[in-house]
Amino acid sequence: MRVYVPLTIPGLAEAYRVGELGPGPLAAYAVTPGLREWYVSDDIEELEYAALNRAAAASLRLLAGTPGAPRRRVVVAVDVPDREAVADPDQALQAAALGEVRIAAAVPMAKAAAVHVDAGEAVDDVSAAVDALGAADHGDDDAQFTVDGAEDHELLWFGVQEIPGIVG
């Protein structure tokens, strides 16, 4: 199963340094039954893109808790056995948990298929979105518009061999 692990640039640097994403349990995003029902599509590429975007939103939240980290969302795509990515059945249809899975143990970076990172031109919008998260969570429509503005930026695709250049 392809899962998308949200990170920050410092988190990616640490994972690269130690050779694994972890420690477990890891929060990740994948094509779950709840995501399929919410997205109403059978196209696996569209569903994986939706899971990637859910992970990008989670990366934004990680940035909010990591002052000083470069304001670029990071998502690592990894392949794990289906049994290792477990969705919480009690939260399967809750909007905040759509596509969310837990991976119990650390995942070797050797299982990474790709890294997705914001381009430099997204930094201002991502920074504004990080600053607006709290107000958006409390129902401020203008703040939510700002948070949604980060989603207007597509994450760039990088091969895992390019990680040193990303974190360098």
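## Considerations on the overall build of the chain
Alright, step 1. Within the chain, the secondary structure is distributed over six helices and nine strands.
Alright, step 2. A globule of 168 residues ought to have a C-alpha radius of gyration of about 15 Å, and the chain, at 15 Å, matches this closely.
Alright, step 3. Dimensions along the principal axes, computed over C-alpha positions, put the chain at roughly 40 × 40 × 25 Å.
Alright, step 4. When each of the 168 residues of the chain is scored for burial, the buried share is 42%.
Alright, step 5. Across the chain, every contact between residues at least 6 apart in sequence was considered, and the portion connecting residues at least 24 apart equals 76%.

## Some remarks on a negative patch on the surface
Alright, step 1. Taken together, the side chains of Asp-124, Asp-125, Asp-148, Glu-151 and Asp-152 define an acidic patch exposed on the protein surface.
Alright, step 2. Structurally, the position occupied by Asp-125 is in helix H4 (residues 123-137).

## Some details on the environment of Leu-62
Alright, step 1. The residue Leu-62 is located in helix H3 (residues 44-64) in this model.
Alright, step 2. On the accessibility criterion, Leu-62 (37% relative accessible area) is partly exposed.
Alright, step 3. Separated by 70 residues in the primary sequence, Leu-62 and Ala-132 have C-alpha atoms spaced 14 Å apart.
Alright, step 4. Not counting the four nearest positions on each side in its chain, Leu-62 is found in contact with Pro-6, Leu-7 and Thr-8.

Definitions and limits used
- Residues numbered from 1 in each chain as written.
- Predicted model: local features only at pLDDT ≥ 70, side-chain atom pairs only at ≥ 80, totals over all residues.
- Heavy atoms only, no water.
- Helix = DSSP H or I, 4+ residues; strand = E, 2+ residues; numbered from the N terminus.
- Rg over C-alpha atoms; globule rule 2.2 N^0.38 Å.
- Buried < 20%, exposed > 50% of the residue type's maximum accessible area, 1.4 Å probe, protein only.
- Contact = heavy atoms within 4.5 Å.
- Patch = residues over 30% accessible without salt bridge, like charges linked within 9 Å, V, L, I, M, F, W, Y side chains within 5 Å.
- Areas by Shrake-Rupley, 256 points an atom, 1.4 Å probe, with all protein chains shown as cover.
- Salt bridge = Lys/Arg side-chain N within 4 Å of Asp/Glu carboxyl O.
- Lys, Arg positive; Asp, Glu negative; His and termini not counted.
- Charge placed at Lys NZ, Arg CZ, Asp CG, Glu CD.

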